[in-house]
Amino acid sequence: NEAFRVESRRYPRLHEVAGHGQFYTQGQIRELVAYAADRGVRVAPEFDVPGHARAMTLAYPQLASNPAGAPAAGLQVLNPASDETYRFVERLFDEMAGLFPDAYFHIGGDEVPDDAWAGDPQVEALMKAEGLKTKAEVEAHFHRRIHQALTRRGKIVVGWEELIDTGTLPRDVVAHAWRTSNATARATALGHKTIVSAGHHLYL
């Protein structure tokens, strides 16, 4: 949310504008991943969408939803009704997937404010066209499209527990529980493999 820390050659404003002068070059990422692999450590990235995206929207404001009205929580969100958003995320993730060879790719998905898309006419039109009734269903619609793109790239999608709250995402999405054990129970009941980080010592 606060900064984008990896060099992107497809979208250079991400590190040039939203990196605030502190980012890893692609060469440094490759060195880090290789260094870790030599020591039996796997490096899986997380690039959080559609929330926690202030750095992305700082670099590319046209990706923001309802840019005239910031969400109450102060977290800028991507526009899930724009084809440009999907082109951006899919091309960015394709580039980042090439830097991180691990099978798992974390797409975040947490803490989208309740009023994130309130009053955005594009999102309202999307909801009407797709029969989406809630914010969670809009998020699931967004993540299904991103899941398809990453699956084509051979990646296994991981997301924070909010991703599976609608119960409509493919079962190969891995849930990452971070708040309580209830999320672990909910995710496993839906058939999702789950990373358990809930609890003070695991999460913090």
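Look up: the structure comes first, before these words.
Residues numbered from 1 in each chain as written. Predicted model: local features only at pLDDT ≥ 70, side-chain atom pairs only at ≥ 80, totals over all residues. Heavy atoms only, no water.

Enquirer: I'd like a rundown of the overall build of the protein, residues and numbers included.
Expert: From N to C terminus, the protein includes eight helices and four strands. In sequence order, the secondary structure elements of the protein are arranged as α-α-α-α-β-α-α-β-β-α-β-α. By the compact-globule yardstick of 17 Å for 204 residues, the protein fits well, its C-alpha radius of gyration being 17 Å. The principal-axis extents of the C-alpha atoms in the protein amount to approximately 50 × 40 × 35 Å. In the protein, once contacts between residues fewer than 6 apart in sequence are set aside, the share between residues at least 24 apart is 58%. Counting only carbon and sulfur atoms, one obtains 52% of the accessible surface of the protein, whose full area is about 10,200 Å². (Helix = DSSP H or I, 4+ residues; strand = E, 2+ residues; numbered from the N terminus. Rg over C-alpha atoms; globule rule 2.2 N^0.38 Å. Contact = heavy atoms within 4.5 Å. Areas by Shrake-Rupley, 256 points an atom, 1.4 Å probe, with all protein chains shown as cover.)

Enquirer: Describe in detail the sheet that holds strand β2 (residues 156–160), supporting the description with residues and values.
Expert: On the basis of which strands lie adjacent, the open sheet formed by four strands has the order β1-β2-β3-β4 and parallel pairing. Only two strands of the sheet have a single neighbouring strand rather than two, namely β1 (104–106) and β4 (194–196). The sheet shows a mean angle of 25° between the axes of neighbouring strands, direction not considered. Here three bridges tie β2 to strand β3 (residues 174–177), and the two strands are oriented parallel to one another. Of the residues in β3, the one forming a bridge with Trp-160 is His-176. Relative to the sheet, helix α7 (residues 181–189) contacts β3 and β4, its axis offset from that of β4 by approximately 165°. (Pairing = 2+ DSSP bridges. Axes fitted to C-alpha atoms, helices over the stretch in contact; angles between N-to-C directions.)

Enquirer: Before we move on, could you go through the pattern of salt bridges and cite the residues and values that matter?
Expert: For the structure shown, the criterion picks out nine salt bridges. Among the ionic pairs, Glu-7 bridges to Arg-9, the shortest N-O distance being 3.5 Å. Judged by relative accessible area, Arg-9 falls into the exposed class, the value being 55%. In this structure, Asp-102 and Arg-42 form a salt bridge, with 2.7 Å as the shortest nitrogen-oxygen distance. Residue Asp-102 is located in the loop between α4 (83–99) and β1, and its partner Arg-42 is located in the loop between α2 (26–38) and α3 (54–59); the two are separated by 60 residues in the primary sequence. Through salt bridges with shared partners, a single network forms among Arg-10, Asp-94 and Arg-153. (Salt bridge = Lys/Arg side-chain N within 4 Å of Asp/Glu carboxyl O. Buried < 20%, exposed > 50% of the residue type's maximum accessible area, 1.4 Å probe, protein only.)

Enquirer: Outline the side chain of His-176, listing residues and values.
Expert: Looking at the element boundaries, His-176 is found in strand β3. Within the structure, His-176 has its side chain in polar contact with the side chain of Ser-197 (distance 2.7 Å). (Polar contact = N/O pair within 3.5 Å; in protein donor to acceptor, adjacent residues only side chain to side chain.)

Enquirer: So what about the environment of Gly-119? Which residues, and what values?
Expert: Position of Gly-119 relative to the elements: it lies in the loop between β1 and α5 (121–130). Separated by 34 residues in sequence, Gly-119 and Arg-153 place their C-alpha atoms 35 Å apart.

Enquirer: Please give an account of the packing of aromatic side chains that cites residues and values.
Expert: Tallied over the full model, the rule gives ten aromatic pairs. Seen from their ring centres, Phe-4 and Phe-47 are 5.6 Å apart, and the 20° between their planes marks the pair as stacked. With Phe-4 in the segment before α1 (13–16) and Phe-47 in the loop between α2 and α3, this residue pair connects regions lying 43 residues apart in the sequence. Accessibility expressed as a relative area gives 5% for Phe-4, which makes it buried. Between Trp-160 and Trp-178, the ring centres sit 6.5 Å apart and the planes meet at 75°, which makes this aromatic pair edge-to-face. Pair noted here: Trp-160 is in strand β2 and Trp-178 is in the loop between β3 and α7, with a separation of 18 residues, a long-range link. Residue Trp-178 is classed as buried on the basis of its relative accessible area, which comes to 13%. Put simply, the rings of Phe-4, Phe-47, Phe-93, Phe-100 and Phe-105 touch in pairs and so form one group of aromatic residues. Sitting over the ring of Tyr-86, Arg-145 keeps its end group 3.8 Å from the ring centre. (Phe/Tyr/Trp six-rings, centres within 6.5 Å; stacked < 30°, edge-to-face > 60°. Lys NZ or Arg CZ within 6 Å of the ring centre and 35° of its normal.)

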